[in-house]
Each structure stands twice: as C-alpha cells, then as structure tokens.
Amino acid sequence: MRAARVRVHAGRRHLPRHLAAPLKTVPPYVSLDYDAQNAFISAALKPHEYLYMRPLPGYDVGAGNVLEVRRNLYGSVEASRKFFLLAKEVYLASGLRQLASDNCVFVRFEFNVLDQSGPVDNEHVFLSGGFNNMPIIPEHERRYKSCPHAIAAFIVLLYVDNTAMRTNAIELRDEFLNAVAQDGRIQLLPEGNLEWFLGVRYSYSPDGAITCDQEAYISTLLHRHGMESCRPELLPLPCKFDIYALPIPEKPDKLLIASYASLVGEMLYVCINTAPELSQAMHQLTRFMTKASKAHLSYAKHVLKYLKHHRSRTLRWCAADVTVPRSPFTIFGFADSSWADDRLGRKSSMYYALFVNGAAFSWKTQLSSIIATSTAEAELMSLGVAVQDHGHHLQAL
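Just so you know, these numbers come straight off a predicted model, no measurement behind them. (Residues numbered from 1 in each chain as written. Predicted model: local features only at pLDDT ≥ 70, side-chain atom pairs only at ≥ 80, totals over all residues. Heavy atoms only, no water.)

Caption draft 1: Local environment of the overall build of the protein. When you go through the protein residue by residue, the secondary structure sums to nine helices and 16 strands. Of the contacts formed within the protein by residues at least 6 apart in sequence, a portion of 71% connects residues at least 24 apart. On the protein, roughly 20,500 Å² of surface is accessible, and the fraction owed to carbon and sulfur atoms is 55%. (Helix = DSSP H or I, 4+ residues; strand = E, 2+ residues; numbered from the N terminus. Contact = heavy atoms within 4.5 Å. Areas by Shrake-Rupley, 256 points an atom, 1.4 Å probe, with all protein chains shown as cover.)

Caption draft 2: Quick look at helix α5 (residues 215-224). Residues of α5 that are buried include every one of I218, L221 and L222, and no others. Projected onto a plane normal to the axis of α5, the buried residues spread over an arc of 100° and lie on a single side. Backbone geometry just after α5 places G226 at a positive phi near 60°. (Buried < 20%, exposed > 50% of the residue type's maximum accessible area, 1.4 Å probe, protein only. Arc of directions from axis to C-beta.)

Caption draft 3: Summary view of the environment of F334. Mapped onto the fold, F334 is located in strand β14 (residues 331-337). Assessed through its relative accessible area of 31%, F334 is described here as partly exposed. Along the backbone, F334 and A386 are 52 residues apart, and their C-alpha atoms lie at a distance of 8.1 Å.

Caption draft 4: Layout of the sheet that holds strand β2 (residues 30-36). Taken in spatial order, the six strands of this open sheet run β5-β6-β7-β8-β2-β9, and their pairing is antiparallel. Looking at strand neighbours, the two that pair on one side only are β5 (97-98) and β9 (188-193), the edges of this open sheet. Looking at chain direction, strand β7 (residues 151-159) and strand β8 (residues 162-167) are connected through six bridges and run antiparallel. In the sheet register, V156 faces β8, and the bridge partner there is M165. Relative to the sheet, helix α4 (residues 170-183) contacts β2, β6 (105-111), β7, β8 and β9, its axis offset from that of β8 by approximately 150°. (Pairing = 2+ DSSP bridges. Axes fitted to C-alpha atoms, helices over the stretch in contact; angles between N-to-C directions.)

Caption draft 5: Quick look at the confidence of the model for the protein. Averaged over every residue, the pLDDT of the protein is 85; the share at 70 or more is 88%. The low-confidence segment residues 1-26, where pLDDT is below 50, has 97 contacts with residues more than four positions distant or belonging to other chains. (pLDDT = per-residue confidence, 0-100.)

Caption draft 6: Up close: the packing of aromatic side chains. The tally for this structure, following the rule as stated, stands at 11 aromatic pairs. Relative to F176, the ring of F154 has its centre 5.4 Å away and its plane inclined at 50°; by these criteria the two rings are tilted. One end of the pair, F154, is in strand β7; the other, F176, is in helix α4, with 22 residues separating them in the sequence. By relative accessible area, F154 is classed as buried at 0%. The exposure class of F176 is buried, given its relative accessible area of 1%. An aromatic cluster is present here, built from Y91, F106, F154 and F176 joined pairwise through their rings. We note R326 situated over the ring of F332; from NZ or CZ to the ring centre the distance is 3.8 Å. (Phe/Tyr/Trp six-rings, centres within 6.5 Å; stacked < 30°, edge-to-face > 60°. Lys NZ or Arg CZ within 6 Å of the ring centre and 35° of its normal.)

Caption draft 7: Expanded view of the pattern of salt bridges. All told, the structure shown has 15 salt bridges when counted by the stated rule. Residue E89 pairs with R185 through a salt bridge whose shortest N-O separation is 3.1 Å. Of this pair, E89 sits in helix α2 (residues 79-93) while R185 sits in the loop between α4 and β9, and the two are 96 residues apart along the sequence. Taking the relative accessible area as the measure of exposure, E89 reaches 46% and is therefore partly exposed. Take R185: its relative accessible area is 35%, and that puts it in the partly exposed class. (Salt bridge = Lys/Arg side-chain N within 4 Å of Asp/Glu carboxyl O.)

Caption draft 8: Quick look at the sheet that holds strand β13 (residues 315-317). If you trace the four strands from one edge of the open sheet to the other, you get β10-β11-β12-β13, paired in antiparallel fashion. Taken across any chain shown, the strands that pair with only one partner, and hence form the sheet edges, are β10 (196-197) and β13. Relative to strand β11 (residues 200-204), β10 is paired through two bridges, and the arrangement is antiparallel. Note on β11: the bridge partner recorded for F197 is V200.

Caption draft 9: Structural view of the environment of S229. Within the secondary structure, S229 sits in the loop between α5 and α6 (254-273). Judged by its relative accessible area of 76%, S229 is exposed. Through-space distance from the C-alpha of S229 to that of K308 is 9.8 Å; in sequence the pair is 79 residues apart.

Caption draft 10: Spatial organisation of the packing of α5 against helix α8 (residues 294-309). For the pair α5 and α8, the least separation of the axes is 10 Å and the interaxial angle reads 135°. Regarding the angle of α5 to α8, the classification is oblique. Two packed elements cross with a definite hand, and for α5 against α8 that hand is left-handed. Between α5 and α8, the contacting residues are I218, L221 and L222 on the first element and L304, L307 and K308 on the second. When its residues are assigned to classes, the contact of α5 with α8 shows five nonpolar, no polar and one charged. (Parallel < 35°, antiparallel > 145°, perpendicular 65-115°, else oblique. Left-handed = near helix turned anticlockwise from the far one by under 90°. Nonpolar A, V, L, I, M, F, W, Y, C, P; charged D, E, K, R; others polar.)

Caption draft 11: Seen up close, the side chain of K82. The topology assignment puts K82 in helix α2. Of note is the side chain of K82, whose polar atom sits 2.5 Å from the side chain of E49. Excluding its chain neighbours within four sequence positions, the residues that come into contact with K82 are A43, E49 and N72. (Polar contact = N/O pair within 3.5 Å; in protein donor to acceptor, adjacent residues only side chain to side chain.)

Caption draft 12: Highlighting unusual backbone geometry. Residue P325 follows V324 across a cis peptide bond; omega there is 15°. Its identity as a non-glycine residue notwithstanding, K240 has a phi of 55°, on the positive side. In this model, A340 sits at a positive phi of 55°, which is unusual for a non-glycine residue. Looking at where A340 falls in the secondary structure, it is placed in the loop between β14 and β15 (349-356).

Here is the structure:
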C-alpha cells in the first residue's frame, strides 16, 4: 500500500479546525478559561413557555398545588440549549461573530495599525497572508498597545458553561468582558489560564508553541484497570495482528463485555484527542464492542500498555519548528487504505491525517462505505475522505 499525499497551500482559503490551529503557534497569544456562574439558570423562560416543579419537602404550597419556575433549572431538558442561545445573543451583541462551520466558536479580528480601518474577516486575514509572517508593529503605531501584530485577534470557544478565550490583544478581551458585564445576564468568572480542557493538558512556551497531552488521564486509566505495574509495550498491537482470528463466544459474558467496552471507549477518547497513531488499533477493537472474548480484552489491554510507555508523548504545534520542504501555516496530509481487510463485508479500512505547523490536527480511520474492486480504488476512496474533511476546514472561512 502506498500513502497518498495531500498538499494544500495556506494562500488558497484553507483553515485548520476551529480556526485556532494557526493561532496556536504565533506568540504572544494567551489562552484563558472563564466559567459562567449559575449558567443554566441565567436564561429566563419565554412568556409562552411553562415549567413546573413539585415543592421541596417541608415547604407547603397547599394541597394539589405546584411551583411555577420562572427560569431554567439544571437537569431540565432545555437548560443547556437555552443557555447557549442566551450566550449567542450576548456574545454577538458584544461584537463577536459566530462561525458558520462551528456554532460554538465566536471570533473578532481588528486592524491594529492606526492608519488602517474597516472590517477584517477570516478570509481577508488568510488570503492576504496575515499569519504567514508577523512583523512587530512599533508601539506608537498600535491601536491595541498589548498586541504587537498587525491583526488583533480574539477567539471564544463555548463548551457547556465554560468559555475558553485565546487572544493576542488583552484589550479585546477586556472589551468583551465589559460588554458581557454591562448586559448583566451572564456572569463570567476567571478560572486562570487554559491549561486543562476536557481532560487534555495544554502547555505554552515563549516561542508561541503549544503542546497537549493526556498523561494524567492515561495514569488514571492504568489505576482504574489495575495495570499500574504492567510491562509497557512498544507497539499498539503486535505485528500481523488479525482480530478476526480471535474466538467469538457463543454467549457473550456481560461483565466481560462491560469491561471491554469501558476500556476501549476510554482509550478511544485518547485516540481522538492526542494519539493519532492509535487510530487503526482502535478501529479494529471497536468492531467487537458487543461480542468480545477474553482474547479481545487482552489485546485491548495491550493498547493500554502501549499508552503507558508513551503517556508523556505530546502533540506540538509551532510555526518556528517547520522546515523545508514544509512552510508555516501550510496544510498537508497523508491518506492510505487497505483493500477488503474487513472479512465480514469485504470493505476496506481507510486512514488519513492532516498536518499544520509540525503536528497533526485532524485524523480518522473508518471502513469504506462501498466495496472497492481494487487497491487503487480503495486508495482513491481514502483520498476522497481526506479531501472531504479538509472541506470542513474550508467552511470555517
């Protein structure tokens, strides 16, 4: 099998996931974490919406009566959606713009040079090469004194009630917080730098590089499954591993299935976030989530042993690390495919990975949707899937 290579130039409207990947590697960006206090009760119910609850024990409201709730409560079906709609309204009113490709991401770009004016959007920044070279603007020419670049950027990522921010201009952050405070419906409390997000640890270096890892999460998995003293493995699965050669029980053990599904699901979270090299191994193991045997569980633990050996491994994005023939902010990728390796349906396993600034930012392994009639056709399908995912990043513009 040969890997198909996808090369895309930054000057052709290409954008990494959530718009943040190119910004990750340009100093002096700062990442901050804010929490919305009492988030889900911030949004009031509309006049035509009604929500009732039984009174708490000891609080008498009369026989047959209930309490009418004026605001959403934690646990109600609509609570998270109502808060998101409220946050969207407040954030848009504060001057941010919502991405069409990801409704949870809000951005604001401004010219930072005093003699420049007018709106600046994602497309203008990338087509003009605004992030390809970042000259330092003299302080007396800056509109935002804390920002040394020609473009001041402010990015907000909303996840449940957490608001993650990344910016190279503290003034934009302050203007946003003042606008939210003036509105009064959402109270954002600072949680410090954005070092932990959904079990992933992020580190920032003075040269603008960002690294991420899940060492603590992997250590927790080892403790949870009693494998803290296990022997580490160098590979996720043994060479020439054939999952279809493993025995399938006639009557699956429910406890074993639960243990297997739990372990595979937990490692899948590592694969999705920080370990693209696990994609093929997890792709095979997840095919037997409801019919696993002891042998399947043993090989799942083999993957966990591999994670123990490499738990301190990180993904690092840094434009300064990019060397010839690559160039900063240029997306390139690789796609590959087997042919008819799925013995049950004769479908082919496809894999691709997209890279920017020295590290992968998007990857996936999946079975082909149709049966390929040759290795060439299987590899073209894999390349097509990679291009489709890249199209998702195109939409971010």
